[in-house]
Amino acid sequence: MPEPGNYPFNCWWVAAFSDEVGRDLLGRWLLDTPVLLYRRENGTVAAIEDRCPHRGAPLSLGCLKGDTVQCGYHGFTFDSEGECIQVPSLKAALPAARIRSFAIMEQAPFVWIWLGDPDRIDSVAPPHQPDWLGTSEFAERHGRIDIAANYMLLKENVLDLTHFGYVHASTFKITDWVDPPRLSSDGETAGYHQSFSSSPLPPVFAEPMGMAPGTLYDRENYGSFLTPALQIAAVDLIEPSNRHITGRFRVIHATTPIDATHMHYFWSVARDHGTDDKAMEALSAITKLGFAEDESMIEAIQALRNRDPRGATAPEFSVKMDSAGIQARRIVQKWMDRD
Amino acid sequence: MPEPGNYPFNCWWVAAFSDEVGRDLLGRWLLDTPVLLYRRENGTVAAIEDRCPHRGAPLSLGCLKGDTVQCGYHGFTFDSEGECIQVPSLKAALPAARIRSFAIMEQAPFVWIWLGDPDRIDSVAPPHQPDWLGTSEFAERHGRIDIAANYMLLKENVLDLTHFGYVHASTFKITDWVDPPRLSSDGETAGYHQSFSSSPLPPVFAEPMGMAPGTLYDRENYGSFLTPALQIAAVDLIEPSNRHITGRFRVIHATTPIDATHMHYFWSVARDHGTDDKAMEALSAITKLGFAEDESMIEAIQALRNRDPRGATAPEFSVKMDSAGIQARRIVQKWMDRD
Amino acid sequence: MPEPGNYPFNCWWVAAFSDEVGRDLLGRWLLDTPVLLYRRENGTVAAIEDRCPHRGAPLSLGCLKGDTVQCGYHGFTFDSEGECIQVPSLKAALPAARIRSFAIMEQAPFVWIWLGDPDRIDSVAPPHQPDWLGTSEFAERHGRIDIAANYMLLKENVLDLTHFGYVHASTFKITDWVDPPRLSSDGETAGYHQSFSSSPLPPVFAEPMGMAPGTLYDRENYGSFLTPALQIAAVDLIEPSNRHITGRFRVIHATTPIDATHMHYFWSVARDHGTDDKAMEALSAITKLGFAEDESMIEAIQALRNRDPRGATAPEFSVKMDSAGIQARRIVQKWMDRD
């Protein structure tokens, strides 16, 4: 039996990218729960439990008939609200054999899911919709990495960007992230803000701006832990002479626990410059390279934890740089306490 | 340490097919017990514990000397009754170091084993010998599948044949198994009987009869859960005009738990028509294809169970069609209670 | 969480071969402890905990800067005594974030480590230095095998050499190891001594002496369990006519638990005859072949133990030949009691 996870159920989590969900059945474990995702004929996303209550078969091995799902074992059929509308051997519905359905909110490129108490759904704000998503100014790329680690390891990773100088030294080459940023927290979110003045632009920022790497430029780098599911980050590229923002770079880090030691990591990068396909593909490529470095590091940490007989009691030393991550842990604990 | 299994020890189980056991040592886990199988020089099958009591080496890594087994580690030698007849460094037998031997009953193609209390062996009927086995009228083919699932999942599978229309829709193409059959139980066995009148013959039944698929024909389909180890099934093909049985098709489903979540599945198919080698090879081929579909489904159910934090408490809805399977569970429980 | 191991911490263990440790970071689990090994610029071996106390990353994923190790995650830097001498985001040392360092004693080809209480280090004798190591008379070859078994299984293996006639019948071909040797024990070590008089020389001993296999020759074979970490063995080849020792063959069996069911096995073979490279490579080759046979047998025993529901309560019958091994278990227990 899996160990319990350190995640709240009453929270909107990313279930999938919009482009992952179509007319094929997509089975996925989220928060130790088997979930089946598909699109109804009207294009909306349906999410029901991926387990037939008859004999426990994953419904994702069955097939889609219109908006209903037919189990691949004995043909029990469920509508997208989880109601059993047909048992072939009974030639009838079986209302008692209802399975869970889950509320979905799609905000491309993300499909958000509510796995908690349906009655609590209004007690939590709907998923934050970053203002750059869906605008014509910004081009966007995204990807999913399934990481064998607790999801909070990724959260803490993206809240302490001093790791750029070590983990990503040969990919992102952002070498000036050394000082602790300004941190802020209102008790429900945790943010950081770092200003770089006349700092040499790393290639990943310079090239899409059509500038030479190493050009001295200003950058404002800030980000926020918004919910246990969502972290956003921004870099504004600024002409030092007049402080005009000439480029906006945005990142979304959405993580969804699979179980206590595995997560789905949904990332999205966007910018309002260098938006042609070729440049965006280059951004996608280097992002995949860099985030694979995070994956390796985080999986190594989890693997060490899994083997270490001291387990959670092994010492941990935090420094000022970790304040945002520690704040994030506290906020997650608040969400779990509210569960 | 493995979790305890839901199987009775005081029951005859299939250990192997006759053609699997010869003068090579065959080690196999049955009911969480390491068992060593081989044939004595007189052709009878011997079964002893597959663990040397000296230092715990599997005896199956040793070698056969006449009817005795010499451990491959330090040469301790056991006869086929489990008696230690030679310790090389002692140049003597060591009667105290006796290991278990297991009663065997061979009824080709099956080698049956008794892993329970030797004193209880007469309290249980010997393995059922289906009357078609070993007759010249019937041709037979068989095979073994090792499935990563509890053995009862296969038992329930073959007691609810409505799964044909879903799991085997593209292999066996038997699409008329939709209504609940007549069920019967005497408290120790559970049976079903289904009559098909003037129903189109699926290719798997028509071809070996030299008939066109789709020909309207009568079929009687019946089967029985006889013991926790054994399930048999039969299809009689019947000329509708005169109700003569023109073809007999028989299946044996024998399952033996390896442990709580793994089983050996020994299947045998036989018929008294289309008995030439080519036709029988075709039957063997489609059977393997179809039973691999069952394997996939059953392993998916077990995998879901293994991950689901609700474990055995996840809801299960049964319908009339499940009566035979539920009866089988009760019968297994009786056997376990008698243990 | 791993189950506790049957090993003492306050004991010198082999961490690595000298030639495994250089200016690359070598991470290795020893006694359920993550250990990082490397050579300082002065050539001495350093050993510190392979876990950054900041966020738990394995330091072996970082890099070596002079004699210090920089974590690959956020750059925390430790000296070879385990002191945190630099936290980049603090631009300062963080003395509190000290990690463990481990005493090392290098006696080529072995690097010995002390993983126990530093205050107890003087209570235990330094690692035994066999007198043939480092002499010009002897040529030596060595190798490491990582075995999925408890380390005591190897210890017992090399204390009961009657297994030669079975496990190594086709490799070492030493077929006269059949009688129990003379055993001796002083309560802290356990030894055996076997004399072979005018016994046919197996090829592995004859060929490097330039003699025909099968030549009748005397051999004295003796060995000792010296500590839970170390076992040594010797064969003296003796001219029967005058009892002169004409060849000396020596073996070291050092085992270090990785965890309760895995070990590093460090072996070394040496002799004062047939010392040219070609002959020594042949010795290395047949040793690898033979020790791989031990590995297979020992892993099979551990695998059986892991699956057997009886676990440690499965019966075990010991004979006179096992006295040395049983003595070794008692000695290990003494070491553990002293922990």
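Conventions and cut-offs
- Every chain's residues receive numbers from 1 upward, in the order its sequence appears when written.
- Here the convention is simple: chains get letters from A, ligands get numbers from 1, in the order in which they are written.
- Note on the predicted model: pLDDT of at least 70 is required for a residue's local features to be given, and 80 or more for side-chain atom pairs to be given and counted; whole-chain, interface and lining totals, by contrast, use all residues.
- At least two bridges found by DSSP between two strands are what make those strands a pair.
- In DSSP terms, a helix is any run of H or I states spanning at least four residues, a strand is any run of E spanning at least two, and both are numbered starting from the N terminus.
- The contact criterion used is a C-beta to C-beta distance within 7 Å, with each C-beta placed from the backbone.
- Amino acids outside the nonpolar list (Ala, Val, Leu, Ile, Met, Phe, Trp, Tyr, Cys, Pro) and the charged list (Asp, Glu, Lys, Arg) are all regarded as polar, and Gly is one of them.
- Least-squares fitting of one copy onto the other uses the C-alpha atoms of those residues that reach a pLDDT of at least 70 in both copies.
- The source of the domain bounds is an automatic or database domain assignment.
- Comment: axis = line fitted to C-alpha atoms, over the contacting stretch for helices; angle = value between 0 and 180 degrees taken between N-to-C directions.
- For any pair of crossing helices, the crossing counts as left-handed if the nearer helix is rotated counterclockwise from the farther one by less than a right angle, and right-handed if it is rotated clockwise.
- Here a residue counts as buried when 20 or more other C-beta atoms fall within 10 Å of its C-beta, as exposed when 12 or fewer do, and as partly exposed in between; the C-beta atoms come from the backbone.
- Residue count minus one, scaled by 1.5 Å, sets the expected span of a helix.

Caption draft 1: Structural view of the pairing of strand β15 (residues 230-239) of chain B. Residue and element names in this part refer to chain B. Summarising the sheet, strand β14 (residues 216-227) and β15 pair through 9 bridges and their orientation is antiparallel. Following the sheet pairing, Arg-219 is matched in β15 by Leu-237. Taken together, the 10 bridges between β15 and strand β16 (residues 244-259) define a ladder with antiparallel strand orientation. The partner of Ala-234 across the bridge, within β16, is Arg-250.

Caption draft 2: A look at the interface of chain C and chain B. Listed by partner, the interface residues are 25 residues for chain C and 24 residues for chain B. Residue assignment for the side of chain C that touches chain B shows that the elements contributing at least two residues are α2 (164-167) and α4 (277-307) of chain C. Among the elements that make up the side of chain C that touches chain B, the one with the highest residue count is α4 of chain C (6 residues). For the side of chain C that touches chain B, the residue count by class is 14 nonpolar, 4 polar and 7 charged.

Caption draft 3: Structural detail: the relation of the copies chain C and chain A. Expressed as a screw operation, the relation of chain C to chain A combines 0.0 Å of axial shift with a rotation of 120 degrees, fitting to an RMSD of 0.0 Å. Here the copies are linked by what is in effect a three-fold axis.

Caption draft 4: Inspection of the domain arrangement of chain A at higher detail. Residues and elements named next belong to chain A. Here chain A is described as being made up of domain 1 (12-123) and domain 2 (139-338). A separation of 33 Å is found between the C-alpha centroids of domain 1 and domain 2. Taken together, the contacts link 10 residues of domain 1 with 11 residues of domain 2. At the level of elements, β1 (12-17) and β2 (26-30) are the ones that each hand at least two residues to the side of domain 1 that touches domain 2.

Caption draft 5: Just the packing of helix α1 (residues 151-159) of chain A against helix α5 (residues 323-338) of chain A, in detail. Residues and elements named next belong to chain A. At a closest axis distance of 8 Å, the pairing of α1 and α5 adopts a crossing angle of 145 degrees. Between α1 and α5 the crossing geometry is right-handed. Contacts from Met-152, Lys-155, Glu-156 and Leu-159 of α1 reach α5 at Ala-324, Gly-325, Ala-328, Arg-329 and Val-332. Taken together, the residues of the contact of α1 with α5 break down into 5 nonpolar, 1 polar and 3 charged.

Caption draft 6: Representation of the sheet that holds strand β3 (residues 33-39) of chain B. All names here are of chain B. One open sheet holds the 3 strands; their spatial order is β2-β3-β4, and the pairing between them is antiparallel. Since the sheet does not close on itself, it has two edges, and those belong to β2 (26-30) and β4 (45-49), each with one partner. The sheet shows a mean angle of 30 degrees between the axes of neighbouring strands, taken without regard to direction. By the bridge criterion, 5 bridges tie β3 to β4 in an arrangement that is antiparallel. Its bridge partner being in β4, Leu-36 is matched across the sheet by Ile-48.

Caption draft 7: Spatial organisation of the environment of Phe-78 of chain B. All names here are of chain B. Checked against the element boundaries, Phe-78 lands in strand β7 (residues 77-78). The exposure class of Phe-78 is buried, given the 28 C-beta atoms found within 10 Å. Between the alpha carbons of Phe-78 and Pro-228 there is a distance of 31 Å; along the sequence they are 150 residues apart. If we skip the residues at most four places from it in the chain, Phe-78 touches Ile-48, Thr-68, Val-69, Glu-83, Cys-84, Ile-85 and Ile-99.

Caption draft 8: Structural view of α4 of chain C. All names here are of chain C. Taking 1.5 Å as the rise per residue, α4 with 31 residues should run 45 Å; its terminal C-alpha atoms sit 44 Å apart, in good agreement. Of all the residues in α4, the buried ones are Leu-283, Thr-287, Phe-291, Asp-294, Met-297, Ile-298, Ala-300, Ile-301 and Gln-302. In this structure, the buried residues of α4 make contact with β11 (139-147), α1 (151-159), α2 and β17 (262-271).

Caption draft 9: Molecular detail of the sheet that holds strand β13 (residues 190-200) of chain C. Residues and elements named next belong to chain C. In space, the 7 strands of this open sheet follow the order β11-β17-β16-β15-β14-β13-β12, with antiparallel pairing throughout. Unpaired on one side and paired on the other, β11 and β12 (182-185) mark the two borders of the sheet. Recorded for the sheet is a direction-independent mean angle of 15 degrees between the axes of neighbouring strands. With 9 bridges joining them, β13 and strand β14 (residues 216-227) adopt antiparallel strand pairing. Across the sheet, the residue bridging to Tyr-192 is Gly-223, located in β14. Against the sheet, α1 makes contact with β11, β13, β14, β15 (230-239), β16 (244-259) and β17, and its axis sits at roughly 165 degrees relative to β16, the strand it touches most. Along the sheet face, α4 touches β11 and β17 and points at about 25 degrees away from the line of β11.

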